[in-house]
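Examination of the molecular architecture
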Amino acid sequence: MNFLHLKDHSPEVLQYIVDEAIAFKQGKNAGTPLAGKGVGLCFMNPSLRTQTAFSIAAAQLGAHPVVLNFGGNTWKMESRDGVLMDGDCAEHLKEAVPVLSSYCSILGLRSFPDGKNWEEDKLEPALAAFKKYATVPVVNLESATGHPSQGLADWMTIQESIKPKGKKFVLAWAPHTKALPMAVPNSAVEAAALAKMNITIARPEGYDLPPETMAHLQSLGATVEVTSDTDAAYKNADVIYAKSWGELSSYGTVCPQDSAFRNKWTVDEAKMAKTNDALFMHCLPVRRNLVVADSVIDGPTSKVLQQAENRLHTAKAMLSFLAATRTSSTTPSELSYA
Amino acid sequence: MNFLHLKDHSPEVLQYIVDEAIAFKQGKNAGTPLAGKGVGLCFMNPSLRTQTAFSIAAAQLGAHPVVLNFGGNTWKMESRDGVLMDGDCAEHLKEAVPVLSSYCSILGLRSFPDGKNWEEDKLEPALAAFKKYATVPVVNLESATGHPSQGLADWMTIQESIKPKGKKFVLAWAPHTKALPMAVPNSAVEAAALAKMNITIARPEGYDLPPETMAHLQSLGATVEVTSDTDAAYKNADVIYAKSWGELSSYGTVCPQDSAFRNKWTVDEAKMAKTNDALFMHCLPVRRNLVVADSVIDGPTSKVLQQAENRLHTAKAMLSFLAATRTSSTTPSELSYA
Amino acid sequence: MNFLHLKDHSPEVLQYIVDEAIAFKQGKNAGTPLAGKGVGLCFMNPSLRTQTAFSIAAAQLGAHPVVLNFGGNTWKMESRDGVLMDGDCAEHLKEAVPVLSSYCSILGLRSFPDGKNWEEDKLEPALAAFKKYATVPVVNLESATGHPSQGLADWMTIQESIKPKGKKFVLAWAPHTKALPMAVPNSAVEAAALAKMNITIARPEGYDLPPETMAHLQSLGATVEVTSDTDAAYKNADVIYAKSWGELSSYGTVCPQDSAFRNKWTVDEAKMAKTNDALFMHCLPVRRNLVVADSVIDGPTSKVLQQAENRLHTAKAMLSFLAATRTSSTTPSELSYA
């Protein structure tokens, strides 16, 4: 049993994990299902929340977390099959992953896309190698196409804050200095669909989410509107989820940097005034006054700190879930769904 | 309750912490007041003693320490208010600090000064942001103006070694290849004042400590002499505390590198011979034969290893103190002083 | 008591450690002889297996492991005596090692050779400084001349797989893009000698192991053949241990990179076909299709993952052994051999 993408699990299993996370937050004892076990957290990119939350969650479940920075305190890893390895990768994941599996009871991987070729990036070669070669459960700590622990924390935050069913969730594209990955926007709309919200995606022409994401939303029964009319999008919104991402049709290209373009897309008070007193959400880290104005992120409906706090509780629920699938003979009944 | 600077706490509270550290060193069981809690140790600069001592102290108190290297395994942080974040900082401390507060029961920060503008550096923007935004106790792991855990370890070392009251403590400026911060010399003279020693500062003309430090020494009732006459300074000294720091009036400029200048200021046997068999102290790391001659640091009165060992015990006492102020309803009576 | 090189310990002590490692692997409770203690794992070079295995082994024995990256999260260290430290090393091991000894009950060091001057490298200045200045046991996590925890894991793997006595062990030199250290080949042939195997070293002319290694093999009573005839070497081999290393007589020079040379030395199916269905071994990380063909390392006799897994169990046995020599009054009887 792995935890790679939200779409790999039934809504019932995901709801079970969110409910467990809420219970842990409210003081339910998670026990120590990973007592004495190693948990290997592998990072090909930097991290603040994910690294800290999963380390502490693992430790609180009794495990010994080990953080490995591929390319930092350890070397770069090859993921392609059959290559002559005379380049800059000193080891193949075909060895590294089973080896780490022999030390650790659960492995996590953060692996951002290269940002050059979407057809290659969307195959998520490093995560695919972890899936293929690991002999223990693997949890995705953010890949090219998804950030499931973020999506679950987002869902949990929405569930804690409003009665989401039928409410209006707006994924609001925002400016940035880089062409960012689509992992978070994908997981955010999936979370909204799981919470049974009506989804609007407000983005500049050309910045559509991948067709695979749209198909998944459809399979979850979600209604999705896509528009570049920010007025219409913000109107009556219950949740504004801001996020920047790169253009798929011109992959890797940075968006316009002029202030007219920025002003149209930065989430500010004027736009928020059109909403139904909407919650403001963002996964963090966020570039203030570029993605969102200070007054909005510091305002009374901002949920960004609650989302981040919930990363700890969802991490614990995800690790507990994975631990239960491998160590217990009495697995939670929900497991039959997955 | 934070632990940012020695001057923020009464001499009684500081004495209590030093006494606790001595007790822990002698085998007193510190218990596990941080059992199951995260402790986040944030470093904007490298560390050996502080990182290791606080990690192990936290773990011995039951906590799960997490070491974060801002700019390394996580990104650079913005601390200025109201800026358009389109530069090299991917996150604002206004988010990062409360987020880490939601994972961790205590946060530590090491943040050296930039070394370009003292008026800006002395405001300690990163530490100020931690103070402002943290919802848990913050401990200063060395900032632009102070290194309180070093100061307490220094005081503890002096107290273990001599009866300090009324004895002569000399802060001996020393040569270096860089213009170093004033955190350690500030904390060292504060420690000497707390130990009720008479203080002499021997430094080249222009290398005075900041006026704020001198004012704090005065408020502690200390007598302080400042001189560039090394003969007079070393004469009858009971403690020689060597340390290099940069010139305040020409901030960021490296001191002269010629051997005549070095010879005048490097702590050597000839100078030590003038003392009252003085203890030799330094916070480490130390550049041998530049700051201090091998024969002195390896000599019988050198206390540098004892100072460093005491970092573990003072770290434990500081963390215990901060844990007590937040987790216990029966706080130590000393807390009323702070 | 340290664990620096296999030759520092009697075969009986080494056999005891391997037997303990096998027992731990089979479920023997190792207890928590390091409960509450720090274990400092110092790396001057990157690591995957060693870092993870020793961290988790230490934690499973009750310790708090701290990983320090000299030159990364801490600064570079000087090891030479008497120098004027005005270069790029900010601290001398003469301080750093005793200081870490005051925080930690066991210290480990990984320190690769510089690869410029063998006469200097073989003195292993950093490891020698740890040996000289540590006041707690030191374990070598790979130095210029040996990788003892790898050697023990190799011996353990051989012992688990075949009855090694009198069987043919071939150390098979392999091509690489760099002139690699001799630590692993040294430890591998020492492991084979301890397992009482007959040793053949197949290498290009000029790529001999150091005379000190050959002398150690002789002192262990091993028969050793050295050849550049790969046909003769592989014939009837029971173990093929592939490894690249640099030429001693032209130290630091990379081997020829043409495909004719590579084809002669890369371990492939054609060569393996000449063996007695030999086990294939390598310490990892390995460059596939340069050192060894995919079909061999992925083949049924490949033991590379088992070797790597055994690193955890031997690490635990080594740390237990070192802990026993310092913390227990009833040391294992085997200790009298060491």
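Everything that follows concerns the structure shown earlier in this document.
Let me begin by describing the structure that accompanies this report.

Cut-off values and rules
- Residues numbered from 1 in each chain as written.
- Chains lettered and ligands numbered in written order.
- Predicted model: local features only at pLDDT ≥ 70, side-chain atom pairs only at ≥ 80, totals over all residues.
- Heavy atoms only, no water.
- Contact = heavy atoms within 4.5 Å.
- Buried area = accessible area lost by both parts, 1.4 Å probe.
- Salt bridge = Lys/Arg side-chain N within 4 Å of Asp/Glu carboxyl O.
- Polar contact = N/O pair within 3.5 Å; in protein donor to acceptor, adjacent residues only side chain to side chain.
- Helix = DSSP H or I, 4+ residues; strand = E, 2+ residues; numbered from the N terminus.
- Least-squares fit on C-alpha atoms with pLDDT ≥ 70 in both.
- Nonpolar A, V, L, I, M, F, W, Y, C, P; charged D, E, K, R; others polar.
- Axes fitted to C-alpha atoms, helices over the stretch in contact; angles between N-to-C directions.
- Parallel < 35°, antiparallel > 145°, perpendicular 65-115°, else oblique.
- Buried < 20%, exposed > 50% of the residue type's maximum accessible area, 1.4 Å probe, protein only.
- Pairing = 2+ DSSP bridges.

**Looking at the interface of chain C and chain A**
Many authors give the size of an interface as the accessible area that is lost as the parts come together. Counting residues at the interface gives 29 residues for chain C and 32 residues for chain A. Taken together, both faces of the contact between chain C and chain A bury some 2500 Å²; the carbon and sulfur share is 61%. When residues of chain C are sorted by the area they lose upon contact with chain A, L48(C), R287(C) and R288(C) head the list and together hold 26% of the total. Connecting chain C to chain A are four salt bridges. One salt bridge connects R288(C) with E95(A), and the closest N-O pair in it is separated by 2.5 Å. For the pair chain C and chain A, the number of links is eleven residue pairs in polar contact (both at pLDDT 80 or more). Of all elements in the fold, only α2 (49-60), α12 (294-297) and α13 (304-327) of chain C reach the threshold of two or more residues within the side of chain C that touches chain A.

**Quick look at the relation of the copies chain B and chain A**
Overlay of chain B on chain A (RMSD 0.0 Å): rotation 120°, translation along the axis 0.0 Å. Here the transformation between the copies is reduced to the relation of a three-fold axis. When each C-alpha of chain B is compared by its distance to the rotation axis, G72(B) comes out closest, at 5.1 Å.

**A look at the interface of chain B and chain A**
Contact residues are listed per partner, giving 32 residues for chain B and 29 residues for chain A. Roughly 2500 Å² of surface becomes buried between chain B and chain A when both sides are summed, with 61% attributable to carbon and sulfur atoms. If you sort the residues of chain B by the area they bury against chain A, W75(B), E95(B) and Y103(B) come out on top, with a joint share of 26%. At the boundary of chain B with chain A, the tally comes to four salt bridges. Viewed at the interface, chain A and chain B are joined by eleven residue pairs in polar contact (both at pLDDT 80 or more). Elements with a minimum of two residues in the side of chain B that touches chain A: β2 (64-69), β4 (91-92) and α3 (93-103) of chain B. Tallying contributions element by element places α3(B) first for the side of chain B that touches chain A, with eight residues. Residue classes in the side of chain B that touches chain A are distributed as 17 nonpolar, ten polar and five charged.

**Thoughts on the packing of helix α7 (residues 183-194) of chain A against helix α8 (residues 211-219) of chain A**
Residue and element names in this part refer to chain A. Two elements in contact, α7 and α8, have axes separated by 10 Å at closest approach and are oriented at 10°. Taken together, the axes of α7 and α8 lie roughly parallel to each other. Listed contacts from α8 to N186, V189, E190 and A193 of α7 are T213, H216 and L217. Considering only residue class, the contact of α7 with α8 consists of three nonpolar, three polar and one charged.

**Thoughts on the side chain of S302(C)**
Residues and elements named next belong to chain C. Along the chain, the position of S302 falls in the loop between α12 and α13. Under the relative-accessibility criterion, S302 is labelled buried at 18%. From its side chain, S302 meets the backbone oxygen of I297 in a polar contact 2.8 Å long. Setting aside chain neighbours within four positions, we find S302 in contact with F280, V296 and I297.

**A short note on the sheet that holds strand β2 (residues 64-69) of chain A**
Note on sheets: strands pair through backbone hydrogen bonds, and any given pair is parallel or antiparallel. Residue and element names in this part refer to chain A. The sheet built from four strands is open, its strands ordered β2-β1-β5-β6 with parallel pairing. Only two strands of the sheet have a single partner each, and these edge strands are β2 and β6 (138-140). The average angle at which neighbouring strand axes cross in this sheet is 20°, direction not considered. Where strand β5 (residues 104-110) lies against β6, three bridges are found, and the strand directions are parallel. Looking across to β6, one finds that L109 is bridged to N140. Across the face of the sheet, helix α3 (residues 93-103) comes into contact with β1 (38-43), β2 and β5 while running at roughly 135° to β5. Along the sheet, helix α5 (residues 125-133) makes contact with β1, β5 and β6, crossing β5 at roughly 165°.

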